[in-house]
Amino acid sequence: MLRFFLSRLALIIPTFIGVSIISFAFIRLLPGDPIMLLAGERGMSAERYAQLSAEMGFDRPLVAQYFDYLMGILQGDLGTSIVTRRPVLDEFFTLFPATIELALCAIVLATALGIPLGVLAAVKRGTWIDQTVMGTALVGYSMPIFWWGLLLIILFSGTLGWTPVSGRISLLYFFPPVTGFMLIDSLLSGQDGAFLSALSHLILPTIVLATIPLAVIARQTRSAMLEVLGEDYVRTARSKGLSPRRVIGLHALRNAMIPVVTTIGLQVGVLLAGAILTETIFSWPGIGKWMVDSVFRRDYAVVQGGLLLIAIIIMFVNLLVDMLYGLINPRIRH
Amino acid sequence: MPLLELENLTVTFDTSSGPFKAVDGVSLTVDAGEILSIVGESGSGKSVSMLALMGLLPWTAKIEADVMRFEGNDLIGMSARDRRRIIGKDIAMIFQEPMSSLNPCFTVGFQIGEMLRKHLGLGRKERRQRSIELLELVGIPAPAERLSAFPHQLSGGMSQRVMIAMALSCNPKLLIADEPTTALDVTIQAQILDLLVRLQKETDMGLILITHDMGVVAETAERVQVQYAGQKVEEQPVRELFRDPHHPYTAALLAALPERARGNKRLPSIPGVVPGPNDRPPACLFEPRCSFATDLCRRTVKRQPASLGLALCNYPLVDGVPQGHPAPAAALAERQEELI
Ligand SMILES: Nc1ncnc2c1ncn2[C@@H]1O[C@H](COP(=O)(O)OP(=O)(O)OP(=O)(O)O)[C@@H](O)[C@H]1O
Ligand code: SF4
Ligand SMILES: [Mg+2]
């Protein structure tokens with residue numbers, strides 16, 4: 001296990017350097033000048049421009065800028081936002097809980113629904129149940145998130161008026177963040193109705209963000225189950241006189257979970273990408289919206305630092321999934 | 001009362017090219033303490049008939065039988081739930097591929113223990129105790145340590161021993177062993193067969209031993225049932241069967257035995273293959289491969305009395321001579337040629 005862990009860790013370092021270069025280059029390849037954007041309509045004198053440019057290091061050669069950036073990273077400094085003048089890392093940690101909260105809810109929803117639906121479709125293979133589940137999954141899989149989000153807002157927030165349109169909680173409530181997770185903080189605040197308000201704000205974004213992972217997990221579960229159900233050991237389990245529930249839910253599912261766990265792990269990347277759109281649609285103050293806003297402002301430090309942090313998270317989660325995979329698959333563990 | 005009675009069992013698979021009878025009117029009985037061997041080439045419906053009995057066939061299989069009784073209880077009309085109380089407990093089965101028959105995600109101890117809990121309601125400590133006893137019984141060294149082993153850590157022979165231990169865990173009255181040694185090394189094969197026969201003698205259970213190896217039959221069985229293309233073609237006590245096979249197919253199987261192939265030429269084998277769903281002969285299914293076949297065999301085929309081994313043949317052999325055949329001498333000469 002330790003060797004496995006170390007070999008994975010060794011892979012992370014080159015990936016890390018690659019991502020740092022790409023994130024550094026990406027934002028600079030976009031046309032637009034951060035300082036001019038900062039100045040806005042009013043424009044700016046040439047002296048002031050040169051002064052700001054020197055202050056932010058933009059006057060130095062690109063390689064030198066990258067080197068500064070890299071040295072900063074090694075010291076745990078991701079730079080400062082040119083818009084808010086706050087350290088990138090601070091902003092990240094302020095906004096990240098909102099994204100985690102949303103992403104966790106989405107992956108929990110996608111897993112909790114996707115696995116049973118996939119199992120059901122596999123067990124009822126070829127019937128209308130299977131066809132309905134798989135047909136819906138196909139639609140969900142190819143759903144344009146932006147359009148889907150707007151559709152839900154129009155229906156549930158607009159026509160029916162059941163859910164709020166944007167934000168994490170109603171403006172009526174105010175309390176200082178403790179954990180950063182609105183569901184928990186609202187409970188801790190003890191204010192009447194705060195929790196329900198937070199929950200109602202979460203519902204639509206969660207559904208939107210969960211849609212694609214849900215479809216992927218359901219399909220993967222179905223195909224893994226179909227394969228496993230034909231295995232000899234499932235026949236053995238049935239020959240023992242065990243109930244269908246135990247044969248399917250334990251003997252078969254346990255084996256089918258091995259590829260499904262990997263799929264769920266891969267969805268983390270999909271989720272973070274989806275969070276960018278979802279957070280933008282629902283004005284959800286998380287890192288997805290932060291990234292989009294910063295790209296529009298050409299906030300170099302934020303974009304390159306944010307991308308790097310997101311990449312680290314994805315790598316970390318993948319490592320976690322690999323270890324979990326080893327845990328549920330005895331053939332790897334030993 | 002026989003332990004198991006099957007009468008006129010038919011299994012039809014719904015395939016994309018139409019219905020296919022994998023088992024066609026098979027009857028058999030097994031008594032307590034008896035070994036019945038079912039032999040036949042690949043595809044003769046040996047496994048399917050036993051899987052039908054166990055209720056393990058997929059839903060594409062249609063199972064019909066005049067009688068399917070275990071200890072006098074009708075299995076056909078029984079609810080799935082009631083049947084699961086018998087399956088695994090009173091009737092246990094082991095399979096051809098031991099390595100893939102154990103669940104890779106669970107330990108040996110878990111897989112044995114869950115039967116003990118389900119059928120015998122044993123507690124954790126008793127389960128462990130009994131599992132160790134069972135592993136000891138099937139000759140697994142260091143049984144206590146093996147309980148926490150995963151299947152991939154076991155060899156094929158060890159896996160089959162574990163399968164046997166699992167099958168025996170609830171003291172079944174009938175054990176079905178479906179080609180239990182086919183996938184194993186020759187030396188291990190003999191060990192596993194010896195083990196099965198010894199355990200059968202000790203526990204007085206009935207044993208159905210499925211094999212396509214006449215050598216295995218000679219060593220173990222008491223009564224033999226020969227199956228061909230889903231039909232039972234002959235049934236005799238083992239000694240009589242070897243001495244005087246009545247069905248040409250049985251005779252051919254025996255002639256294919258290495259120790260019987262005289263003249264140290266190449267091993268004789270039966271020319272042709274078992275008919276599939278699309279090339280079923282009209283009457284006798286062995287007709288395309290039979291050296292005694294006549295026009296009559298293409299129109300109809302007759303079941304002989306018990307004194308002739310219930311042979312499903314128009315011209316049953318007695319001491320190698322086809323009875324009632326229009327030209328026995330010519331047919332025998334032709335057959336001799338084929339065998340050399
Ligand atoms: N699920 C199924 N669907 C369709 N046909 C099947 C199915 N299972 C078995 N068969 C067919 O039934 C016939 C009998 O198969 P069976 O497995 O009983 O043969 P067998 O006598 O056990 O042979 P072997 O020695 O290879 O184990 C074969 O022709 C096989 O192709
Ligand atoms: S019935 Fe005819 S073809 Fe069939 S086994 Fe007997 S002799 Fe051969
Ligand atoms: Mg078979």
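Structure shown above.
Thresholds, definitions, all that
- Residues numbered from 1 in each chain as written.
- Chains lettered and ligands numbered in written order.
- Predicted model: local features only at pLDDT ≥ 70, side-chain atom pairs only at ≥ 80, totals over all residues.
- Heavy atoms only, no water.
- Helix = DSSP H or I, 4+ residues; strand = E, 2+ residues; numbered from the N terminus.
- Rg over C-alpha atoms; globule rule 2.2 N^0.38 Å.
- Buried < 20%, exposed > 50% of the residue type's maximum accessible area, 1.4 Å probe, protein only.
- Contact = heavy atoms within 4.5 Å.
- Areas by Shrake-Rupley, 256 points an atom, 1.4 Å probe, with all protein chains shown as cover.
- Lys, Arg positive; Asp, Glu negative; His and termini not counted.
- Charge placed at Lys NZ, Arg CZ, Asp CG, Glu CD.
- Near = heavy atom within 4 Å.
- Polar contact = N/O pair within 3.5 Å; in protein donor to acceptor, adjacent residues only side chain to side chain.
- Axes fitted to C-alpha atoms, helices over the stretch in contact; angles between N-to-C directions.
- Parallel < 35°, antiparallel > 145°, perpendicular 65-115°, else oblique.
- Left-handed = near helix turned anticlockwise from the far one by under 90°.
- Pairing = 2+ DSSP bridges.
- Buried area = accessible area lost by both parts, 1.4 Å probe.
- Salt bridge = Lys/Arg side-chain N within 4 Å of Asp/Glu carboxyl O.
- Nonpolar A, V, L, I, M, F, W, Y, C, P; charged D, E, K, R; others polar.

### Focus: the overall build of chain B
For chain B, the count of helices and strands is 13 helices and 13 strands. The C-alpha atoms of chain B give 21 Å as radius of gyration, which agrees with the globular expectation for 340 residues (20 Å, within 12%). Structurally, chain B occupies a C-alpha span of about 70 × 50 × 40 Å along its principal axes. Relative to its 340 residues, chain B shows a buried fraction of 56%. Considering only contacts in chain B between residues 6 or more positions apart, those separated by 24 or more positions represent 65%. Carbon and sulfur atoms form 51% of the exposed surface of chain B, whose accessible area is close to 14,900 Å². Chain B carries 36 positive and 40 negative side-chain charges, and their two centres are separated by 4 Å.

### Describing the site of ligand 1
All names here are of chain B. Around ligand 1, 15 residues are found, and the nearest of them are Ser-42, Gly-43, Ser-47, Val-48 and Glu-179. At 3.1 Å, a backbone N or O of Gly-45 approaches an oxygen atom of ligand 1. Against a free-state accessible area of 630 Å², the protein chains account for coverage of 67% of ligand 1. At the level of elements, strand 2 (18-30) and helix 1 (46-54) are the ones that each hand at least two residues to the shell around ligand 1.

### Some points on unusual backbone geometry
Backbone geometry at A:Arg298 places phi at a positive 55°, although glycine is not the residue there. The buried category is assigned to A:Arg298, whose relative accessible area is 14%. Notably, B:Asn8 is not glycine yet its phi reads approximately 55°, a positive angle. Mapped onto the fold, B:Asn8 is located in strand 1 (residues 4-15). Under the relative-accessibility criterion, B:Asn8 is labelled partly exposed at 34%.

### Describing the packing of helix 4 (residues 108-120) of chain B against helix 5 (residues 124-137) of chain B
Residues and elements named next belong to chain B. Where helix 4 meets helix 5, the axes come as close as 9 Å, and the angle between the chain directions of the two elements is 115°. By the criterion of interaxial angle, the relationship of helix 4 to helix 5 is roughly perpendicular. You can see that helix 4 and helix 5 cross each other, and the crossing is right-handed. Contacts between helix 4 and helix 5 involve Val-108, Ile-112, Gly-113, Leu-116 and Arg-117 from the first element and Arg-127, Arg-130, Ser-131, Leu-134 and Leu-135 from the second.

### With respect to the pairing of strand 5 (residues 67-70) of chain B
All names here are of chain B. Sheet topology note: the strand 1/strand 5 ladder contains four bridges and is antiparallel. Note that in strand 5 the partner of Glu-7 across the bridge is Val-67. The hairpin turn running from strand 5 into strand 6 (residues 73-74), its antiparallel successor, is two residues long, and Glu-71 in that turn takes a positive phi close to 50°.

### Observations regarding the interface of chain B and chain A
Contact residues are listed per partner, giving 30 residues for chain B and 22 residues for chain A. Here chain B packs against chain A, burying approximately 2,300 Å² in sum over the two surfaces, 57% of which is carbon and sulfur. Between the two partners, chain B and chain A, sit two salt bridges. Its salt-bridge partner being B:Glu114, residue A:Lys240 comes within 2.7 Å of it at the nearest N-O pair. Along the contact surface separating chain B from chain A lie 13 residue pairs in polar contact (both at pLDDT 80 or more). Sorting the residues of the side of chain B that touches chain A by element identifies helix 1, helix 3 (98-101), helix 4 and helix 7 (156-168) of chain B as the ones contributing at least two each. Element by element, the count of residues in the side of chain B that touches chain A is highest for helix 4 of chain B, at seven residues. Grouping the amino acids of the side of chain B that touches chain A by side-chain chemistry returns 16 nonpolar, nine polar and five charged.

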